[in-house]
Amino acid sequence: MSKIESFDDFVKVHGILLAASGLPSKLYSRLFQKLASDTFDGGDYFQIESSEDGRRRRLLLTSQSMPKDSDVFLVDHAWTFRLPDAYKQLKEIPGLAERMASLMSVDIDVETEEEEEEVSVDQIIDNEIRYAADKGYDSLRWLELEGLGIVDDSLLSLHLPSQFQDLVALSLIGNKIESVDVVIQEVMKFKNLKALWLNDNPVLQKSERQMADEILQGCPSLEIYNSCFTPNYGLWALGFCGNIFGKDNPACVQQDQPLSNVTSLDLSNRSIHSLVNKAFSVHEMPLLSHLNIRGNPLDQNSVGEILEVLKLFPSLSSLEVDIPGPLGNNALEILASLSNLSLLNGVDTAKIFENGKHVIDSMLQPRIPELNPEGTLVDRVLDAMWLYALNYRLADEEKLDETSLWYVMDELGSALRHSDEPNFKVAPFLFMPSGKLESAVSYSVMWPIKNSQKGDECTRDFLSGIGEDKHRSARLTAWFQTPENYFIHEFEKYQQKLQAKAFKSLPTNPSVSRSIRHSDGSPLLVYTDLPQVEEFLTRPEFVITNEPKDADILWTSVQVDEELKKEVGITDDQYLNQFPFEACLVMKHHLAETIQMGYGSPKWLQPTYNLETQLSQFIGDYYVRKRDQLNNLWILKPWNMARTIDTSITDNLSAIIRMMETGPKICQKYIEHPALFKGKKFDLRYVVLVRSIDPLEIYLTEIFWVRLSNNPYSLEKHSFFEYETHFTVMNYGGRKLNHKPTAEFVREFEQEHNVKWMDIHEKVKQVIRAVFEAAALAHPEMQSPKSRAMYGVDVMLDSSFEPKILEVTYCPDCMRACKYDMETVDGKGIVKGRDFFNYVFGCLFLDETAHVTPL
């Protein structure tokens with residue numbers, strides 16, 4: 001077919017794509033009409049409107065109405081890219097970065113503090129005195145001296161306590177006060193002070209706890225200190241949070257029941273330790289209907305005590321609280337105790353009972369990209385694109401594309417915000433005008449799935465088809481500020497579980513494996529599909545055969561399962577270069593799981609999460625690192641892809657969660673400070689020979705090889721898009737392979753870092769032994785008397801020269817071992833490349849130990 005001419009041709013060519021999109025069949029002809037005429041008519045029906053102070057956009061319906069499934073609209077793709085090319089395209093394609101920045105609302109100027117006419121502290125104090133007098137106060141009771149560069153001496157020279165004896169609130173936020181003694185000396189002179197703010201002063205970096213204790217002892221009436229409630233909090237602090245007390249009304253506690261008209265009270269993030277307080281009562285706040293107590297430890301009260309306090313408020317209908325948190329881990333149990341609630345964390349209680357969810361939080365604020373004044377437009381787009389990008393993968397009759405294509409819809413499509421109950425659906429669609437994939441043009445198609453009226457916001461489900469079984473709530477973290485407390489709690493539980501694990505090492509026993517030579521001296525027949533084995537296995541004890549069913553030994557790169565055995569005629573009497581259940585080692589998510597089952601969290605395994613099952617725990621780890629200001633750089637690896645395909649490095653939480661969409665992955669803490677060789681990153685490939693799992697018999701070949709990156713190592717953000725800076729596998733994809741003879745590498749590395757390689761090598765041996773011990777102990781079902789196998793083990797050294805396990809590879813590529821003659825690790829011998837497989841087969845099948853070391 002040279003060109004699609006008719007609707008029937010269109011459906012015939014695009015039938016699978018149409019079905020996959022979910023578009024109702026009655027809209028197929030309408031879609032064909034618009035594709036054929038290149039009609040983008042969304043502007044006639046919709047309008048884009050700014051929201052969140054211009055930082056986001058939303059899409060409104062402008063036509064009078066739009067019934068369900070009544071029309072379909074084409075949405076153009078403004079940018080399509082493969083992830084490694086994103087930075088380069090934004091830099092090089094004219095206008096692309098500018099358009100994306102505008103579409104993502106990150107092109108606005110970051111407000112910098114404008115130079116204002118300097119006002120002296122004395123002038124500000126005079127202005128405050130006049131303001132208080134105008135409000136009818138006989139003395140100054142509220143004073144804000146913020147960001148004025150006040151130092152210790154100038155604070156003393158102001159004589160604030162003697163000038164303003166009735167001061168109730170003093171804010172010194174953002175100054176340069178350093179002396180604990182000066183602060184204590186001055187503050188303790190105030191007799192009526194209710195609130196003191198010293199936030200963002202150097203003095204807090206010193207003895208903050210000691211200073212706080214002394215201030216609270218000297219100022220017993222103080223209720224708010226550095227934005228937190230003190231143990232002495234009462235009516236004034238509650239009134240401040242209820243907007244009763246402030247600059248215009250600093251102190252009217254004398255009046256009877258000053259909080260009697262408070263209906264809404266936001267006590268979030270006030271470090272409140274106890275709600276059992278005379279002021280926090282229905283007597284003082286009889287009309288309280290909305291209460292926010294998020295972010296408070298409340299650790300001096302039991303769950304029951306807090307619930308008893310809250311039950312006393314008859315009008316309380318809306319509560320916001322961390323779940324898990326001071327009221328427990330279960331929303332349903334909270335509602336059972338507080339039956340008057342109609343809203344819990346912004347969710348209708350009827351809907352909570354209907355869904356049966358334990359953790360409830362729908363008051364989710366959207367993630368708004370932080371705008372670094374020093375960042376370029378490209379940097380901003382790279383950070384923000386994960387809130388907008390979608391993906392698909394190309395395929396034809398023969399194969400699936402190895403990497404996904406990401407795309408950003410045009411301004412109209414990108415203005416669609418998320419809803420759990422959307423009124424529109426959007427799906428990618430490839431139109432092939434010639435009927436062939438090479439002519440394909442990518443669009444998205446959008447259609448109404450509910451009846452909508454003029455003025456309605458148009459929304460889509462960002463996680464369409466993904467339920468809680470696929471971690472829907474956790475995955476919304478990519479776009480929304482989800483409750484950190486919940487994820488941190490999940491992470492801490494996971495950590496405790498890991499720390500409780502510890503296997504005892506297996507004993508190193510004498511070998512029980514024996515040579516499998518024929519008693520009549522005839523050679524062993526070997527079937528292989530690996531050219532290297534066919535070419536380099538030259539010992540007379542082994543002869544290559546083309547018939548698998550005739551072979552004594554099957555050495556193959558394909559997985560031999562029961563179906564293949566039956567099809568080819570393989571029997572259980574033949575030796576195989578595979579162990580049962582070896583996936584526990586050679587699939588990345590299973591390797592981490594196997595090690596964690598055995599050792600919990602050993603220092604030689606970077607923190608690793610299977611995102612398909614441990615997403616919440618990972619998010620908690622990420623939040624803890626962010627809170628503690630630790631490095632948050634992670635590497636994402638597909639479960640079972642080789643050669644670093646679909647592997648990415650990022651510190652962007654949204655990016656990590658979104659990349660789950662391109663296939664199952666592990667997320668592993670990146671070794672941000674590896675040992676370097678002449679400024680470049682490297683890893684080490686070791687070859688391990690396994691004769692038996694029970695008892696464990698493993699051997700390490702006496703050669704290894706180093707794999708070097710091509711570019712100098714960098715943690716500069718743009719370098720994460722440079723394969724040849726952060727990855728070491730160069731013998732694919734036409735990249736330059738810098739082979740470094742192992743002995744030469746060892747000598748130069750020892751000189752560069754003043755270390756002894758054999759000390760490092762001993763540590764590596766211990767780590768490799770531990771990996772296979774974990775497999776043997778966690779998966780004894782691996783044992784098979786007819787299995788003998790070779791595995792590649794990849795190791796990286798950190799900047800302290802401690803080995804870290806990267807991965808274990810089945811049937812590793814041994815091109816270098818066969819191509820180059822290599823000096824043994826101890827420097828006492830040479831392994832000829834042409835003899836490598838002769839030694840491997842000698843160890844595994846003839847009970848020899850030449851050029852191998854038992855582990």
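Predicted, not measured: the structure shown is a model, and the values here were computed from it.

J.: Please explain the overall build of the protein chain as it appears in this structure.
T.: Along its length, the protein chain carries 28 helices and 39 strands. The principal-axis extent of the C-alpha atoms belonging to the protein chain is close to 115 × 75 × 55 Å. Classification of the 855 residues of the protein chain by burial places 53% in the buried group. Excluding contacts between residues fewer than 6 apart, the proportion of contacts in the protein chain whose partners are at least 24 apart in sequence is 70%.

J.: Could you clarify how one ought to interpret the nonpolar core in this entry?
T.: Nonpolar side chains in soluble globular proteins tend to be buried together. With 58 residues, the main nonpolar core has W79, M100, M104 and F618 as its most contacted residues. Counting 48 residues, the second largest nonpolar core, distinct from the first, contains L591, F677, V688 and L797.

J.: What is the right way to read the pairing of strand 33 (residues 680-692) from this model?
T.: A regular strand places its side chains so that they alternate between the two faces of the sheet. Counting buried positions along strand 33 gives 12 out of 13 residues, so the element sits mostly inside the fold. Bridging between strand 32 (residues 676-677) and strand 33 involves two bridges; their strand directions are antiparallel. In the strand pairing of strand 33, F677 is matched with K680. In this structure, the hairpin formed by strand 32 and strand 33 is closed by a connection of two residues, where K678 is found at a positive phi of approximately 55°.

J.: Which parts of the structure should I look at to understand the packing of aromatic side chains?
T.: Inspection of every chain in the model, using the stated rule, returns 46 aromatic pairs. A ring pair is formed by F618 and W634, whose centres lie 4.9 Å apart and whose planes are at 90°; its orientation type is edge-to-face. Of the two residues, F618 is situated in helix 22 (residues 615-627) and W634 in strand 29 (residues 634-638); the sequence distance between them amounts to 16 residues. Residue F618 is classed as buried on the basis of its relative accessible area, which comes to 0%. An aromatic cluster is defined as three or more aromatic residues linked by ring pairs; in this entry it consists of F677, F682, Y686, F704, F745, F749, W757 and F801. Sitting above the plane of the Y131 ring, K247 keeps its charged end 4.9 Å from the centroid.

J.: When you look at helix 2 (residues 28-37) in this model, what are you seeing that I'm missing?
T.: Each α-helix winds once per 3.6 residues, and so residues spaced three or four apart point in a common direction. Residues Y28, L31, F32, K34 and L35 constitute the buried set of helix 2. Residues of helix 2 that are buried sit in contact with helix 1 (7-21), strand 4 (73-81), strand 19 (424-431) and strand 20 (441-448). Two residues or fewer after helix 2 comes D38, characterised by a positive phi angle close to 55°.

J.: How should the sheet that holds strand 24 (residues 524-528) be read in this particular structure?
T.: Within a sheet, adjacent strands bond to each other through the backbone by hydrogen bonds, running parallel or antiparallel. The sheet built from four strands is open, its strands ordered 25-24-26-27 with parallel pairing. At either margin of the open sheet sits one strand with a lone partner, and together these are strand 25 (542-544) and strand 27 (575-576). Across three bridges, the pairing between strand 24 and strand 26 (residues 553-555) is parallel. Its bridge partner being in strand 26, V526 is matched across the sheet by I553. The sheet strands contacting helix 28 (residues 836-846) are strand 24, strand 25, strand 26 and strand 27, and the helix crosses strand 26 at an angle near 135°.

J.: How should the environment of L611 be read in this particular structure?
T.: Topologically, L611 is positioned in the loop between strand 28 (608-610) and helix 22. For L611, a relative accessible area of 0% corresponds to the buried category. What L611 contacts, discounting residues up to four positions off in sequence, is H471, F618, L636, I656, M660, K665 and C667.

J.: What am I meant to see in the side chain of E320 here?
T.: As for its placement among the helices and strands, E320 is situated in strand 12 (residues 318-320). A residue is classified by how much of its surface remains accessible, and E320, at 10% relative accessible area, is buried. In this structure the side chain of E320 is engaged in a polar contact, spanning 3.0 Å, whose partner is the side chain of R294.

J.: Got a minute to help me understand the packing of helix 21 (residues 588-599) against helix 26 (residues 757-778) in this structure?
T.: Think of two packed helices as two axes; the pair is described by the angle between the axes and how far apart they sit. The interhelical angle for the contact between helix 21 and helix 26, taken along N-to-C directions, is 80°, at an axis separation of 8 Å. Classed by the angle they form, the pair helix 21 and helix 26 counts as roughly perpendicular. Note on element contacts: helix 26 touches helix 21 through A770, V771, E773, A774, A775 and A778, opposite L591, T594, I595, M597 and Y599. Among the residues making up the contact of helix 21 with helix 26, the classes are represented as nine nonpolar, one polar and one charged.

J.: Looking at this model, I keep getting lost on the sheet that holds strand 18 (residues 417-418). Mind explaining?
T.: The strand order 1-2-22-18 describes an open sheet built from four strands, whose pairing is mixed. Bordering the open sheet on either side are strand 1 (46-51) and strand 18, each of which pairs with just one other strand. In the sheet, strand 2 (residues 56-61) pairs with strand 22 (residues 457-460) via two bridges, with the strands oriented antiparallel. In the strand pairing of strand 22, L60 is matched with E457.

J.: I would appreciate a short explanation of empty space enclosed by the protein in the present structure.
T.: It is a probe the size of a water molecule, rolled over the atoms, that shows where empty space is left. Overall, the coordinates contain seven cavities of 30 Å³ or more when judged by the stated rule. The element best represented in the lining of the largest cavity is helix 5 (residues 121-134), accounting for three residues. Here the lining of the largest cavity is composed, by residue class, of six nonpolar, one polar and four charged.

J.: Mind showing me how you'd approach helix 25 (residues 742-753) here?
T.: For helix 25, built from 12 residues, the straight-helix expectation of 16 Å at 1.5 Å per residue is met to within 8% by its first-to-last C-alpha distance of 16 Å. What helix 25 keeps buried is the set T742, A743, F745, V746 and F749. Taken end-on, helix 25 shows its buried residues confined to a sector of 160°, consistent with a single buried face. Where the residues of helix 25 are buried, they touch strand 32, strand 33, strand 34 (697-712), helix 26, strand 35 (789-797) and strand 37 (822-823). After helix 25 finishes, the residue N754 shows a positive phi value of roughly 55°.

J.: Got a minute to help me understand the environment of C843 in this structure?
T.: Residue position: C843 is located in helix 28. Exposure remark for C843: the relative accessible area of 1% places this residue in the buried category. With 328 residues separating them along the chain, C843 and S515 place their C-alpha atoms 8.9 Å apart. For C843, the residues in contact, after removing those within four places along its chain, are L689, R691, Y699, E848 and V852.

J.: Please explain the pattern of salt bridges as it appears in this structure.
T.: Here the idea is simple: oppositely charged side chains can pair when their charged atoms come close. Within this structure, the stated rule accounts for 43 salt bridges. Residue E320 pairs with R294 through a salt bridge whose shortest N-O separation is 3.0 Å. On the criterion of sequence distance, the pair formed by E320 in strand 12 and R294 in the loop between strand 11 (290-292) and helix 11 (303-311) is long-range, its members being 26 residues apart. A single burial state applies to E320 and to R294, both of which are buried. Two residues, R625 and D621, come together in a salt bridge whose shortest N-O distance is 2.9 Å. Taken as a pair, R625 and D621 lie in helix 22 at a separation of four residues, close to a single helical turn. No difference in accessibility class separates R625 from D621, as the two residues are buried.

J.: Would you explain the pairing of strand 22 in this entry?
T.: As paired elements, strand 18 and strand 22 share two bridges and run parallel to each other. Each bridged residue has a counterpart across the sheet, and for H418 the counterpart in strand 22 is R460.

J.: Can you walk me through the state of the cysteines in this structure?
T.: In a disulfide, the sulfur atoms of two cysteines are held together by a covalent bond. Taken as a whole, this structure holds zero disulfides when the rule is applied. Distance from the sulfur of C219, which forms no disulfide, to the nearest cysteine sulfur (C228) is 16 Å. This cysteine, C814, is not joined by any disulfide, and C818 carries the nearest cysteine sulfur, 6.1 Å off.

J.: Explain the side chain of E223 to me, please; I cannot follow it from the model alone.
T.: Along the chain, E223 turns up in the loop between helix 9 (208-218) and strand 8 (224-225). Taking relative accessible area as the criterion, E223 reaches 6% and is therefore assigned buried. Looking at E223, its side chain comes within polar contact range of the main-chain nitrogen of W236, at 3.3 Å. Ignoring any residue separated from it by four or fewer positions in sequence, one finds E223 in contact with K194, C228, F229, T230, N232, Y233, G234, L235, W236 and A237.

The rules behind each value
Residues numbered from 1 in each chain as written. Predicted model: local features only at pLDDT ≥ 70, side-chain atom pairs only at ≥ 80, totals over all residues. Heavy atoms only, no water. Helix = DSSP H or I, 4+ residues; strand = E, 2+ residues; numbered from the N terminus. Buried < 20%, exposed > 50% of the residue type's maximum accessible area, 1.4 Å probe, protein only. Contact = heavy atoms within 4.5 Å. Core = buried A, V, L, I, M, F, W, Y, C linked by side-chain atoms within 4.5 Å. Pairing = 2+ DSSP bridges. Phe/Tyr/Trp six-rings, centres within 6.5 Å; stacked < 30°, edge-to-face > 60°. Lys NZ or Arg CZ within 6 Å of the ring centre and 35° of its normal. Axes fitted to C-alpha atoms, helices over the stretch in contact; angles between N-to-C directions. Polar contact = N/O pair within 3.5 Å; in protein donor to acceptor, adjacent residues only side chain to side chain. Parallel < 35°, antiparallel > 145°, perpendicular 65-115°, else oblique. Nonpolar A, V, L, I, M, F, W, Y, C, P; charged D, E, K, R; others polar. 1 Å grid on protein atoms, 1.4 Å probe; cavity = no way out; pocket = protein on both sides within 12 Å on 5 of 7 lines; lining within 4 Å. Points joined across faces, edges and corners; volume = space filled by probe spheres on them. Expected span 1.5 Å × (residues − 1). Arc of directions from axis to C-beta. Salt bridge = Lys/Arg side-chain N within 4 Å of Asp/Glu carboxyl O. Disulfide = S-S within 2.5 Å.

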